[in-house]
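Examining the three-dimensional arrangement
Chain residues, written in single-letter form:
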Amino acid sequence: MAISVENYVKMANFYNEMARMLSAICVAKGGIAMENYVGRFFAADVLEYIVEYGHRLKKTGAKINADVESVMELFEKQFENVKSLVTPNQKPVYEMTLEEFEKIMNI
């Protein structure tokens, strides 16, 4: 997939729809808090990917309009709040010690 503003907008739209769906799932499961829903890890991974895609898009020198730029900044701020939930890049879950796994799962 070529890095482009159009692809960034598609991913941003996907993330926004997914966030609405995750919220609806939490309501349907009895009103559980989002921070207790296991899907929060997937959402954090998706957000990490989108933020990184935005950084790479900026590096290409592509013309980014003000609306897309503000979305990029919003996603970066949101990611700061959830970056402890992302899947670790260095070590797969199956190679973690119990202590590492518990830390990642916030147990």
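The model shown is predicted, which means the values in this text are computed figures rather than measured ones.

What follows concerns the layout of surface pockets. Looking at the largest pocket, its volume works out to about 260 Å³. Taken together, 15 residues line the largest pocket, and the ones lying closest to its centre are Tyr15, Ala19, Met34, Ala43 and Val82. Within the residue set of the lining of the largest pocket, elements represented by two or more residues are α1 (5-28), α2 (40-59) and α3 (66-82). Per-class residue counts for the lining of the largest pocket are ten nonpolar, three polar and two charged.

The terminal C-alpha atoms of α1, which comprises 24 residues, lie 35 Å apart, in line with the 34 Å expected from a rise of 1.5 Å per residue. Buried residues along α1 sit in contact with α2 and α3. Count one or two residues on from α1 and you reach glycine 30, which has phi positive near 100°.

What counts and what doesn't
Residue positions are counted from 1 within each chain, in the order its sequence is given. Where local features are concerned, this predicted model is filtered to residues with pLDDT of at least 70; where side-chain atom pairs are given and counted, the filter is 80 or more; whole-chain, interface and lining totals use all residues. Excluded from the side-chain calculations are hydrogens and water; all other atoms, namely the structure's heavy atoms, are used. Grid points spaced at 1 Å over the protein atoms alone were grouped into cavities, where a 1.4 Å probe fits but cannot get out, and pockets, open sets with protein on both sides within 12 Å along at least five of seven lines, with lining residues defined by an atom within 4 Å of a point. Grid points are joined across faces, edges and corners, and a volume is the space filled by probe spheres set on the points. Only DSSP runs of H or I covering at least 4 residues are called helices, and only runs of E covering at least 2 are called strands; the numbering of each starts at the N terminus. Residue type decides the class: Asp, Glu, Lys and Arg count as charged, Ala, Val, Leu, Ile, Met, Phe, Trp, Tyr, Cys and Pro as nonpolar, and the leftover types, Gly among them, as polar. To estimate the expected span of a helix, count its residues, drop one, and scale the result by 1.5 Å. Contact between two residues is taken to exist if any of their heavy atoms lie within 4.5 Å; hydrogens are not considered.

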